[in-house]
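Chains, contacts and geometry: an overview
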Number of protein chains: 4
Amino acid sequence: MRGNTIGQLFRLTSFGESHGPAIGGVVDGCPAGLELDLEAVQRELDRRRPGSTPLGTTRNEADRVELLSGVHEGITLGTPIGFLIPNADAKGGDYDKLKDMYRPGHADKTWEDKFGLRDHRGGGRSSARTTASVVVAGAIARQFLSAAGIEVSAYVSAVGAVKADPAKLDLATVWDNPVRCADPGAAAAMTALIEEVRAQGDSVGGVVSCSIQGTPAGLGEPVFDKLEADLAKAMLGINAAKGFQVGSGFEASALRGSEHNKRSQGGILGGISTGEAIHFDVAFKPTATIAQAQETTDRTGATVTLQAKGRHDPCVVPRAVPIVEAMACIVLMDHLLRQRSART
Amino acid sequence: MRGNTIGQLFRLTSFGESHGPAIGGVVDGCPAGLELDLEAVQRELDRRRPGSTPLGTTRNEADRVELLSGVHEGITLGTPIGFLIPNADAKGGDYDKLKDMYRPGHADKTWEDKFGLRDHRGGGRSSARTTASVVVAGAIARQFLSAAGIEVSAYVSAVGAVKADPAKLDLATVWDNPVRCADPGAAAAMTALIEEVRAQGDSVGGVVSCSIQGTPAGLGEPVFDKLEADLAKAMLGINAAKGFQVGSGFEASALRGSEHNKRSQGGILGGISTGEAIHFDVAFKPTATIAQAQETTDRTGATVTLQAKGRHDPCVVPRAVPIVEAMACIVLMDHLLRQRSART
Amino acid sequence: MRGNTIGQLFRLTSFGESHGPAIGGVVDGCPAGLELDLEAVQRELDRRRPGSTPLGTTRNEADRVELLSGVHEGITLGTPIGFLIPNADAKGGDYDKLKDMYRPGHADKTWEDKFGLRDHRGGGRSSARTTASVVVAGAIARQFLSAAGIEVSAYVSAVGAVKADPAKLDLATVWDNPVRCADPGAAAAMTALIEEVRAQGDSVGGVVSCSIQGTPAGLGEPVFDKLEADLAKAMLGINAAKGFQVGSGFEASALRGSEHNKRSQGGILGGISTGEAIHFDVAFKPTATIAQAQETTDRTGATVTLQAKGRHDPCVVPRAVPIVEAMACIVLMDHLLRQRSART
Amino acid sequence: MRGNTIGQLFRLTSFGESHGPAIGGVVDGCPAGLELDLEAVQRELDRRRPGSTPLGTTRNEADRVELLSGVHEGITLGTPIGFLIPNADAKGGDYDKLKDMYRPGHADKTWEDKFGLRDHRGGGRSSARTTASVVVAGAIARQFLSAAGIEVSAYVSAVGAVKADPAKLDLATVWDNPVRCADPGAAAAMTALIEEVRAQGDSVGGVVSCSIQGTPAGLGEPVFDKLEADLAKAMLGINAAKGFQVGSGFEASALRGSEHNKRSQGGILGGISTGEAIHFDVAFKPTATIAQAQETTDRTGATVTLQAKGRHDPCVVPRAVPIVEAMACIVLMDHLLRQRSART
């Protein structure tokens, strides 16, 4: 009930604080007999790694995943896959001054309101570092999905006011630019914007879009566990996510039925996949930690000035791309397995 | 795993097809000792009822809820509250011609792709009629929340391109106009727009916004079951919903951190309520069934012309208002109970 | 979390008090496409019905199950099967004097300790009447299992000190005698014993055994959800059950490994079915309500004399037979569906 | 759904094979603010450790638990407690000859029937070694229970035909003898019996009993999640367990109601704790692996002779005592937290 588990038949239970000994998780429900390419799992993790893009934080974590169980001679056993990622570059001391101060836009105070105490070092468990466990689980799911012909591809579609042109998308180019945008033209402008806000000691938000090819028709449970509902929950579970839309999304709300019925529904109708490409978008707020001095409150309620040091991303969306993909893989794999019991 | 249950500690298990004998559900986890006002539950249901607004369908269902268990002498027992709502005005025969035809924008074909068969009468279980069970569960939760000082209020904030003015909202006026808009000026324009699309045999989408007052700080589970993640899932579980955003949402993705940190975060930070008002929006697509003739396919794959009769809402958002409120009540009550085990 | 749901993929959510308007439940997860014989479901219910055996209570309930959803033209839709059984012969008034008194061996006081209040009429939700919902769900599962070649047969193997002879069992005779014993010779002695204790205003305990033929090898999840663990939980969930054993059970604890390895393991090894017949036993205590005067306490803590009237079974095991079978069917069907996601 | 998780509000997700890199788990739902004595956790683990009793296996595992998260400065954070126990003394090679052979009384063949393959080294995940993760979770729960005044004490009550005398139990003596029996007189006879069967290359079964003091009235959910039902499931989830009974158990089935109503009900009535001491028994079969030569089958179906080497316990019950306690602690803590939402 503490919400550290996602999925029903394919499920990740995650653990770990940013500056504890390790983060990790347990993937339960991976069917037996899957040939698991561990290097491919590591490559996914490398794509999310701090330092993976010049636009990100300078925190340097090797982020080597260690599998502890569930795989024997390269084949999944059907047993839980326990794994961990050591926290190698944990500079807890950097955060001492934050012990009694609540950073604006962060979960410092809410965490204390909830639990009565918190691990203040690097955000503790509220740190985006915990998403590395999601990436590992997603990488395992992706190998299962690939065998089923399903391919999940995310990309940055907006940074601040700079948007990718839907007519110019080329998914093959996403990893050629540091901003992970599928529109090479927009990528340059996005990169320039991120560099600009970084120079200003500021940050900026953005949007990650995701396209899923090859999904068979029939996935998704039609009432509460609609495919888009489970995707929405997974995406809003990512740090800094503030919105989700499928198909035409908020734009659909402005359309007439006669128009909208002719458009793509985003690959899902009535909560169930149609067999067409699935498309959704996730909005991210600007990184809350900025280098500019900000007023905030401390534990006594007094107003204090926060001059953040730390090592932070000026824009989270480039590094959010593999996380969005991983979450999508987890949800799809779960529903692929759930569908196995839909008929006699 | 078939996804007909929502909630962890406070949970609704729903059942029922649009044209079967009854719809209903089981509310489990309502604490013992709550004085339950059954008439207030019925009033909530009346607000969603077909026929509750002149802008909606002419299908006329009395929608009387019958409680079968869980309440004794007006007090909840702590046992499951079973309830049903008979399907009184079920004209299954109206739908005979749809048996072998797939309506555009509907779940007819996906449902068959999933289960191999479907109850074609009125959409079967994919009908929005099933949301009446959500309203009953939400009405029970609302009484518990009210006792805790939490008030949930939704309203229509956009119909097509007509938007409510955030500066002119008056929540007390929502039920004074047929469109359930909190901005009386916009309400008139929205009403005119809905009448216009109805006259054209068309439909239009819209946005429902929701404001929650009085939530204590500390609700929400910080990783996968963030408060906004559970809200997103609940809202995307409503028929025709295509998007969800909390706080500044998609707009936040265009902002700088220095700006956004000064704005409302929508009452949730890091997945946990801050104690401030919670605000979110839900986008709805235009009703898929329209009176205009449309091309579609039948079971053989042939293209056929659909001239819908039936009785349909030209815009779903007025009747979605009580459903959004009910879903929000269910999620909040669940998290209120979950919070009871957060500390020693 | 209030524990009114059993099963993972095939699950029953139950509701209802003994003397409320109705009891019932929701069966979720029954695959689509099962041809459902409703009369066979009713026949199962008739086997459990008060009045089904001359050895039981004289309470007379028609116990007609009404299906509200999930089945269309005799075929399951894959949607939840809502059902109810009206409480026709509810004589709540009989129980008025029990309002402030705690019956010995009953859950009256514990229920109040838990919830702070109780529905005292006929035991409320602690009544064995709630097992009728289990029988309905089990009867649905049984039809699915039969199609898979699995047959579940329970029988009374002991009443008080009278035991069936394992060498003389004939499962075909179980329903030929009022005590539901598979050993016709022992059945007569058991019947005589029950009549004797009834005449004495007393009651007696017994054992129900269950034999399952045709289970494929491979069912059961090897750590916490072992097949025997889920069976044990289901059986201890039946009113008045006090013990469970599989294979040689408690007798095995007295054996040497060299002997026991040569015996039947009860059809389950390491939590997983072997493909051989599954065998387990369930111990039931004597009915707590007896006609003899008993000392007990009332709400004030004072000692009072209880002279029970009501209508009670002198021995629960004959009527427990269909309940044990139903629970076994629910567990097996759940694991049969779970097994579908064990391999790639 | 692969059944590696136990508990609802307080839950353990377990992972690990006997001869993989490590076993471990994630404890989720431990409330924040618990001062955790890590040495006490290690002491519990030491009590289960191979080599902890001269009557057990000679496999020598240091079994040092490493906490990876969830605890900061000695206090639980409310976040998941990830932990691992390295497999130090894993002699996988010892098991090479078992790769194609199915040991009698073991899960070798059922495991392959289920998953299509298995990790044959030391039983893989079917090894009793996985119960070490249960002991860690139980040790955490025990500290929470102790603070609430609840004490859980298990002991061996039978080895083969040698039984403890209920009139001579002294729980303070359990750890004074190698067999973990609470009746010092019987302990000597049990020890002699175990030495005897070991000398014969044989094994013997036994019974572990458990007594719980200080449970408040009101724990347990009255229908499917009765307190005894959850205890039964937990206990049958322990390797080699074949039976469970609460209170008078199977003996109760032979009693009259007039007698049984006057006896202890085992501390639970109608699924809910009464506030009195809880008492239950768990039957264990004799260790399946014995040193005597046994006939068995190999992968081709041929009959072969197995002459086991390995290192095995001649009787599992002494080392099962801490596991029974740990399981009981997990179940009780879960229900203690669940009870927090029983009333308004």
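Rules of the game
- Residues numbered from 1 in each chain as written.
- Chains lettered and ligands numbered in written order.
- Predicted model: local features only at pLDDT ≥ 70, side-chain atom pairs only at ≥ 80, totals over all residues.
- Heavy atoms only, no water.
- Salt bridge = Lys/Arg side-chain N within 4 Å of Asp/Glu carboxyl O.
- Buried < 20%, exposed > 50% of the residue type's maximum accessible area, 1.4 Å probe, protein only.
- Helix = DSSP H or I, 4+ residues; strand = E, 2+ residues; numbered from the N terminus.
- Least-squares fit on C-alpha atoms with pLDDT ≥ 70 in both.
- Contact = heavy atoms within 4.5 Å.
- Core = buried A, V, L, I, M, F, W, Y, C linked by side-chain atoms within 4.5 Å.
- Buried area = accessible area lost by both parts, 1.4 Å probe.
- Pairing = 2+ DSSP bridges.
- Axes fitted to C-alpha atoms, helices over the stretch in contact; angles between N-to-C directions.
- Polar contact = N/O pair within 3.5 Å; in protein donor to acceptor, adjacent residues only side chain to side chain.
- Nonpolar A, V, L, I, M, F, W, Y, C, P; charged D, E, K, R; others polar.

On to the pattern of salt bridges, then. Charged atoms that come close allow side chains of opposite charge to pair. Taken as a whole and judged by the stated rule, the model has 96 salt bridges over all chains. A salt bridge links Asp108 of chain B to Arg103 of chain B, with the nearest nitrogen and oxygen atoms 2.8 Å apart. Arg103 of chain B shares its class with Asp108 of chain B; the two are buried. Note that Asp225 of chain D and Arg338 of chain D form a salt bridge whose closest N and O atoms lie 2.7 Å from each other. Of the two residues, Asp225 of chain D is situated in the loop between β11 (206-213) and α5 (227-236) and Arg338 of chain D in helix α8 (residues 317-338); the sequence distance between them amounts to 113 residues. Each member of the pair, Asp225 of chain D as well as Arg338 of chain D, is classed as buried. Several salt bridges share partner residues, and in doing so they unite Asp100, Arg103, Asp108, Glu112, Arg118 and Arg299 of chain A into one network.

As a further point, take the relation of the copies chain D and chain B. In the superposition of chain D on chain B (RMSD 0.0 Å, axial shift 0.0 Å), the rotation amounts to 180°. Interpreted geometrically, this transformation is the action of a two-fold axis. Closest to the rotation axis within chain D is the C-alpha of Arg340 of chain D, separated from it by 3.2 Å. Comparing contact sets, 100% of the residues at the interface of chain D also lie at the interface in chain B, consistent with an isologous, same-surface contact.

The next subject is the nonpolar core. The nonpolar side chains of soluble globular proteins are, as a tendency, buried together. Core analysis: the biggest nonpolar cluster contains 322 residues, and Phe280 of chain A, Phe280 of chain B, Phe280 of chain C together with Phe280 of chain D have the highest contact counts within it. Sequence-distant contacts of Phe280 of chain D, that is, excluding residues within four places in its chain, are made with Val208, Ser209, Cys210, Ile212, Leu231, Met235, Phe244, Gln245, Val246, Val324 and Ala328 of chain D.

Listed by partner, the interface residues are 92 residues for chain B and 92 residues for chain A. A combined buried area of about 7,200 Å² lies between chain B and chain A, and 57% of that area is made up of carbon and sulfur atoms. On the chain B side of the interface with chain A, the three residues burying the most area are Lys114, Phe224 and Lys242 of chain B, jointly 12% of the side's total. Summed over the shared surface of chain B and chain A, the number is 10 salt bridges. Salt-bridge contacts for Glu196 of chain A lead to Arg256 of chain B; the nearest nitrogen and oxygen are separated by 3.7 Å. Both strand β12 (residues 241-246) of chain A and strand β12 (residues 241-246) of chain B contribute to a ladder of 3 bridges, which runs antiparallel.

The antiparallel open sheet is built from 10 strands, whose spatial order is β10(C)-β9(C)-β11(C)-β15(C)-β12(C)-β12(D)-β15(D)-β11(D)-β9(D)-β10(D). With partners counted over all chains shown, the strands left at the sheet margins are β10 (162-163) of chain C together with β10 (162-163) of chain D, one partner each. Against the sheet, helix α8 (residues 317-338) of chain C touches β9 (151-159), β11 (206-213) and β15 (278-284) of chain C, its axis set at about 145° to β9 of chain C. Against the sheet, α5 of chain D engages β12 (241-246) of chain C together with β12 (241-246) and β15 (278-284) of chain D, with an angle of about 160° to β12 of chain D.

Owing to a relative accessible area of 6%, Asp225 of chain D belongs among the buried residues under this scheme. A polar contact of 2.8 Å, which involves the side chain of Asp225 of chain D, links it to the side chain of Lys233 of chain C.

What follows deals with the relation of the copies chain B and chain A. Each of the two chain copies can be brought onto the other by rotation about an axis and movement along it. Expressed as a screw transformation, the operator carrying chain B onto chain A has a rotation angle of 180° and an axial translation of 0.0 Å, and the superposed copies differ by an RMSD of 0.0 Å. An overlap of 100% is found between the interface residues of chain B and their copies at the interface of chain A, pointing to a shared contact surface.

Another aspect to go through is the interface of chain D and chain B. Facing 13 residues of chain D, the contacting portion of chain B comprises 13 residues. Among the residues of chain D in contact with chain B, Arg340, Ser341 and Thr344 of chain D are the three that bury the most area, contributing 49% of the side total. For the interface between chain D and chain B, the tally reads 0 salt bridges. If you look at where chain D meets chain B, you find 7 residue pairs in polar contact (both at pLDDT 80 or more). Grouping the amino acids of the side of chain D that touches chain B by side-chain chemistry returns 8 nonpolar, 3 polar and 2 charged.

Residue and element names in this part refer to chain C. One open sheet accounts for 5 strands, arranged β1-β2-β3-β7-β4; its pairing is antiparallel. Only two strands of the sheet have a single partner each, and these edge strands are β1 (5-6) and β4 (66-67). Strand direction decides the pairing type here: strand β2 (residues 11-15) and strand β3 (residues 22-28), joined by 5 bridges, are antiparallel. If you follow Arg11 over to β3, its bridge partner there is Asp28. Most of the contacts of helix α3 (residues 131-147) go to β3, to which it runs at about 30°, and overall it touches β2, β3 and β7 (81-86).

Residues and elements named next belong to chain D. Mapping Asp313 onto the fold places it in the loop between β17 (303-306) and α8. For Asp313, a relative accessible area of 12% translates into the label buried. A polar contact is formed between the side chain of Asp313 and the side chain of Arg319, at a distance of 2.8 Å. Setting aside its immediate chain neighbours within four residues, Asp313 contacts Gly56, Thr57, Thr287 and Arg319.

Turning to helix α5 (residues 227-236) of chain C, a few remarks are in order. Side chains that are three or four residues apart share a direction in an α-helix, a result of its 3.6 residues per turn. Counting buried residues along α5 of chain C, 10 of its 10 residues qualify, which places the element largely inside the surrounding structure. Restricting attention to buried positions, one finds in α5 of chain C the residues Leu227, Glu228, Ala229, Asp230, Leu231, Ala232, Lys233, Ala234, Met235 and Leu236 of chain C.

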